[in-house]
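Structural description and commentary
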Amino acid sequence: MTSMYTSRELMVVAAAREIRDREIVFVGMRLPLLGFGLAKATHAPHAVGLFENGVIRDRPAESFIYTMGDPPNIAGAVACLGLIEVMSLLQQGRVDVGFLGGAEIDPEGNLNTTRTYPDGRLVRLPGSGGAGDIASLAQRTVLIMEHEPRRFREHVAYITSPGHYPGRRRGGPATLITTLGVFDLRGGRFGVKTLHPGVPVDTLRLSTGFALEVEADVPTTPPPSPAELAYIRQADPQGFWTGDTRKAG
Amino acid sequence: MTSMYTSRELMVVAAAREIRDREIVFVGMRLPLLGFGLAKATHAPHAVGLFENGVIRDRPAESFIYTMGDPPNIAGAVACLGLIEVMSLLQQGRVDVGFLGGAEIDPEGNLNTTRTYPDGRLVRLPGSGGAGDIASLAQRTVLIMEHEPRRFREHVAYITSPGHYPGRRRGGPATLITTLGVFDLRGGRFGVKTLHPGVPVDTLRLSTGFALEVEADVPTTPPPSPAELAYIRQADPQGFWTGDTRKAG
Amino acid sequence: MSSAAPKRRTLADAIAENVADGDAIALGLALESGIPFAAVHEIIRQGRTDLTLIGPISDMAFDQLIGAGTVARVVAAWVGNVAGGSGYAFRRAVEDGMPRPIEVVDHSNFSVGLALKAAAMGLPYLPTFTGIGGDIVKDHPGIRSVDDPFGGPSLLAVAALRPDVAIIHVQRADEEGNAHLWGNLGLTVEAAYAARRTVVICEEIVAREVIRSDPNRTLIPGFLVSAVVEEPGGALPASVQGYWHRDFAPFLDYHRTSRTLDGYAAWLSEWVHGVPDRAAYLRKLGDPALARLRVEATRLAAPANFAP
Amino acid sequence: MSSAAPKRRTLADAIAENVADGDAIALGLALESGIPFAAVHEIIRQGRTDLTLIGPISDMAFDQLIGAGTVARVVAAWVGNVAGGSGYAFRRAVEDGMPRPIEVVDHSNFSVGLALKAAAMGLPYLPTFTGIGGDIVKDHPGIRSVDDPFGGPSLLAVAALRPDVAIIHVQRADEEGNAHLWGNLGLTVEAAYAARRTVVICEEIVAREVIRSDPNRTLIPGFLVSAVVEEPGGALPASVQGYWHRDFAPFLDYHRTSRTLDGYAAWLSEWVHGVPDRAAYLRKLGDPALARLRVEATRLAAPANFAP
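Keep in mind it's a predicted model, so treat the numbers as computed, not measured.

1. Observations concerning the overall build of chain A
Assigned secondary structure in chain A consists of seven helices and 15 strands. In terms of C-alpha radius of gyration, chain A reaches 17 Å, essentially the compact-globule figure of 18 Å for 249 residues. Summarising its shape, the C-alpha atoms of chain A cover approximately 45 × 45 × 35 Å along the three principal directions. By residue count, 66% of the 249 residues in chain A fall in the buried class. Summed over all atoms, the accessible surface of chain A reaches about 8,800 Å², with 52% contributed by carbon and sulfur. The averaged location of the 26 negative side-chain charges in chain A is 2 Å from the averaged location of its 26 positive side-chain charges.

Listed below in structure tokens is the structure:
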């Protein structure tokens, strides 16, 4: 069976697969939010989502939200705590998995969302938000990135969200999901788990700004099922987050 | 003009006089609670009261309360915060005055409500509750005690609520109100401000377990006014807290 | 950490599953209201021993547990009977080792609160200025001096205290333990966050929509909760805002009768071992008393619109 | 500390009296909702300079203040435009010193929250594990390493941050500033506790009885409040739960137009200097837009009985 889907839809599906049932999830916006909803609708009906503004939900918002503070994300929430309260639960170790993005990543899974120097000139990015906290304190993190050579660097210009480092107390990056594949970052390694359908190994190598060991027979990321796609398109009907060029699966 | 009043009614009046208008008051139960209500009804209409369970009130409860947790103390409250929140405001220095009692006191205003050794045998008392916190953190404290020799000691057996000590960061006992008089404890001195009507200086000396300098012409505590008494008797109609033998004023 | 399987339990099962001999239990956290007396009596009936009790002030509940010999250690700011003063069972245990000796770790309300808050925040300690100059903090097993790393005056560090179980009584919760509570809070929220397990006892188990109509009233998220018990009147003789008045007589009666060991034994026999559960306790109180104690008036919170 | 004289003010007076050149201002504390945009624009109109801005993420508000040249320093976790990404005025100030250079003290949401919480608790610092291993905490003026006095692993100490003024937008308050708020909280409460002065802007000033009908909804006690302003729609284009939807277009329009200095100047001229106050801003939006943005639906919180 074939169906058309975008690489972002595939990333949502991959994100959903990182959530186990009954887990406490520090949800982000955009793709992870859709992934959380998809996981709840499929294999993880009892997962609970925390947002850094203090909101706790066990069902996705009833209508589309652009920010975690949008009123539909409050109505029907389980709880609206403060930021310190949800961060305290995170610091306690009560959050199983958190999602993060970044402008740059290095082989240890360090993420930079603070400042870059393309062509040597400073570009100021917005900063950490809650990302540095999730990176520091969740039991594990799942990273989501556009796979471009300028973003995959031997050394990031600034470590906003710490990856693996000696003496880490807890957690660290477990999985990286990109526009090209899914990677295993546990224990500080950077292993290719799957390549998305149709992505050649060479493209992966050329798109990664540091040396990457790729085994000959890397499995292919399982494409979205029709049910998964149906969920995503009902949750993001305009393709606001998932709508780039659709391709054959 | 004469009227009958009890020594506890006089103590309530003396407590009320320690509260200035617009002050933030850490209220206790019993006599200070009545004093807070009296102050609000007379010279301090804008005073605000905090209770250690988290309750903030700007009017006394509509009906009699035995504990600060009684439902009438919640209904109509300005706010019900948590204990940590009101204690945080106290630690910030936002509380002008707090009231304290104790089983024993020493000349520095240290209070003991933890354990005593009458006849050398341990008697275990309930402990600090919030008293040690108010003693440590309020901008000033007003102490209220039964004036008995066994309670006024050169050294208390245990310092539950610290009085004046070298290097104190803030506050400390300002005034002590007893069944016999009102005392100035500011700056670590123990000065007699007023003796209650009809109390001989000798009774004061005999009732105080440590040496006390008493000037010849100690003023007399102004007796309750009829309006003050009327307030107290409406607030404590059964004399639950203020009802001991009434005496001529 | 995970959102667990069905959590609804009878009180007896909730205690049997969540309170073990030797556990550290936090209760009485809202101070004088919402004390889970039904749970206190059930713990005694189930014969738990060597418990550590953690709380701020503890109106009569700690005294009852101590008198029954269930307690090895108390970590609290105040143990007694708010209406009456002394807790006689507490005094006998401390002064005479009767029915068994207990260890007491004295705190102030703020310091025991900070100990729970530190655990709630996932920290080993919280700093504070409270207690400096007094005896509580001297040679205290959970309080040490610390420097301000930014050069200010020294402070005290209060070590985190992580109860094995917190037992709280609230107005309403859903089947997953998401709990609405209002009125006195005290240290209820901090203890539920801090504890390894939380038992929520409520006046009513309500539909999930009721809880989700007011997420700001959900002070305890269900994923922190191990068991949910519907036990109306389970806090009596303590009050529950909007549900139960405080029943004053039992506090004063207990204060009087518990003055002697025999008096305590008589109370224990009549009001704890003499009733199998809370339903029987309420029947023993009788309908006229329950009618008098039940809040009949209505003073509703002003409407708050959550429409998106 | 005292409960002050009459506090009700116009927004212009509240800003004039409570925000001075050089002040440290906390705002945007509930993250994307309840941002006091009316106050932000009034600060610009009144020509304040050398401000320090303090907040967690700061959806567009900080960028607008920076672009207008009012800001010398930003202490925040994220500065940009949540819907669009980059804050171009912020970038110009940091990258090119236009219209003036600014100092940026980077934080994470938790660390800036702990800085405010420390001040709210009357402490010089709070310990945390967040940020270890990253660059934010390196050579940070307000973060140092501390030992756990009980022998556990080292932590970081986040220094207290005490704003001169916190500006918050809530649903309702009484004349004394006792404020009911619901929905997103973020760091609103911590900032109001921490600040020397708090300006409460509300959708409605209500009778004292409304506030006192639900004391658990009063998250900011009035004695912490310096001024109370009734300014319905004062948070637009940000949302206010139960009152206003989020107005998405202005965020996207601003993101597009502020990409250039000229674009920013045009926006400033039209939407800030071109309107004398918030009432005029709302008139400029027009009745059809306001009708679309106003929440008409009702989803009330389940009743809570406070009867004693």
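2. Concerning the relation of the copies chain D and chain C
Copies of the same chain, two in number, are related to each other by a rotation about an axis and a translation along it. Screw-axis analysis of chain D against chain C gives a translation of 0.0 Å along the axis, an RMSD of 0.0 Å, and a rotation angle of 180°. This pairing of chains is accounted for by a two-fold axis. For chain D, the residue whose C-alpha comes nearest the rotation axis is Leu126 of chain D, separated from it by 3.5 Å. When the interface residues of chain D are mapped onto chain C, 100% of them again lie at the interface, so the same face is used by both copies.

3. Here we look at the pattern of salt bridges
When charged atoms on two side chains of opposite charge get close, those side chains can pair. Applying the stated rule across the entire model yields 72 salt bridges over all chains. A salt bridge links Glu104 of chain A to Arg153 of chain A; its shortest N-O distance comes to 3.5 Å. On the criterion of sequence distance, the pair formed by Glu104 of chain A in strand β7 (residues 104–105) and Arg153 of chain A in the loop between β11 (140–145) and β12 (173–178) is long-range, its members being 49 residues apart. For Glu104 of chain A, a relative accessible area of 5% gives the class buried. Salt bridges here are not isolated pairs; linked through shared partners, they connect Asp58 of chain A together with Asp174, Glu176, Arg208, Glu209 and Arg212 of chain C.

4. Notes on the nonpolar core
Counting 184 residues, the largest nonpolar core has Leu50, Ile56 and Leu176 of chain A together with Leu50, Ile56 and Leu176 of chain B as the members making the most contacts within it. Excluding residues within four positions of it along the chain, Leu50 of chain A makes contact with Ile24, Val25, Phe26, Val27, Val55, Ile56, Val86 and Val95 of chain A together with Phe223 of chain C. Judged by nonpolar contacts, the second largest core, of 53 residues, contains Ala44, Tyr231 and Trp241 of chain B together with Ala304 of chain D.

5. Observations concerning the packing of aromatic side chains
Scanning the model with the defined rule gives 32 aromatic pairs over all chains in all. Ring centres 5.7 Å apart and planes at 80° place the aromatic pair Phe64 of chain B and Phe240 of chain B in the edge-to-face group. Of the two residues, Phe64 of chain B is situated in the loop between β4 (55–57) and α3 (71–74) and Phe240 of chain B in the loop between α7 (226–235) and β15 (246–248); the sequence distance between them amounts to 176 residues. Through successive ring pairs, a cluster of aromatic residues spans Phe64, Tyr66, Phe240 and Trp241 of chain A together with Phe248 of chain D. Above the face of the Tyr281 of chain D ring, Arg278 of chain D is positioned so that its terminal group lies 3.8 Å from the ring centre.

6. What about helix α8 (residues 248–257) of chain C?
Where α8 of chain C is concerned, the buried positions are Phe251, Tyr254 and His255 of chain C. One face of α8 of chain C carries all of its buried residues, which in axial projection span an arc of 100°.

7. Some remarks on the interface of chain D and chain C
On the chain C side, the residues contacting the 49 residues of chain D number 49 residues. In total, about 4,300 Å² of surface goes out of reach between chain D and chain C, with carbon and sulfur atoms giving 60% of it. Among the residues chain D hides against chain C, the three largest losses belong to Tyr125, Phe150 and Asn305 of chain D. Together they make up 16% of the total. The partner of Arg217 of chain C in a salt bridge is Asp214 of chain D, and the shortest N-O contact between them spans 2.9 Å. Here chain D and chain C share 26 residue pairs in polar contact (both at pLDDT 80 or more) between them. Put simply, the parts of the chain that give the side of chain D that touches chain C at least two residues each are α5 (109–120), β6 (125–128), β7 (143–146) and β8 (155–159) of chain D. Tallied by class, residues from the side of chain D that touches chain C come to 30 nonpolar, eleven polar and eight charged.

8. Some thoughts on the interface of chain D and chain A
On the chain A side, the residues contacting the 49 residues of chain D number 44 residues. Interface area for chain D against chain A, summed over the two sides, is near 3,700 Å², with a carbon-plus-sulfur share of 57%. The three residues of chain D that bury the most area against chain A are Phe110, Phe129 and Asp135 of chain D, which together make up 15% of that side's buried surface. At the boundary of chain D and chain A, one finds five salt bridges. For the salt bridge of Arg246 of chain D with Asp70 of chain A, the shortest nitrogen-to-oxygen distance reads 3.9 Å. Across the contact surface, chain D and chain A share 26 residue pairs in polar contact (both at pLDDT 80 or more). Elements represented by at least two residues in the side of chain D that touches chain A include exactly β2 (51–59), β3 (71–81), β4 (85–86), α4 (88–96), β5 (103–106) and α5 of chain D. Sort the elements by how many residues they give to the side of chain D that touches chain A and α5 of chain D lands first, with six residues.

Rules behind the numbers
Residues numbered from 1 in each chain as written. Chains lettered and ligands numbered in written order. Predicted model: local features only at pLDDT ≥ 70, side-chain atom pairs only at ≥ 80, totals over all residues. Heavy atoms only, no water. Helix = DSSP H or I, 4+ residues; strand = E, 2+ residues; numbered from the N terminus. Rg over C-alpha atoms; globule rule 2.2 N^0.38 Å. Buried < 20%, exposed > 50% of the residue type's maximum accessible area, 1.4 Å probe, protein only. Areas by Shrake-Rupley, 256 points an atom, 1.4 Å probe, with all protein chains shown as cover. Lys, Arg positive; Asp, Glu negative; His and termini not counted. Charge placed at Lys NZ, Arg CZ, Asp CG, Glu CD. Least-squares fit on C-alpha atoms with pLDDT ≥ 70 in both. Contact = heavy atoms within 4.5 Å. Salt bridge = Lys/Arg side-chain N within 4 Å of Asp/Glu carboxyl O. Core = buried A, V, L, I, M, F, W, Y, C linked by side-chain atoms within 4.5 Å. Phe/Tyr/Trp six-rings, centres within 6.5 Å; stacked < 30°, edge-to-face > 60°. Lys NZ or Arg CZ within 6 Å of the ring centre and 35° of its normal. Arc of directions from axis to C-beta. Buried area = accessible area lost by both parts, 1.4 Å probe. Polar contact = N/O pair within 3.5 Å; in protein donor to acceptor, adjacent residues only side chain to side chain. Nonpolar A, V, L, I, M, F, W, Y, C, P; charged D, E, K, R; others polar.

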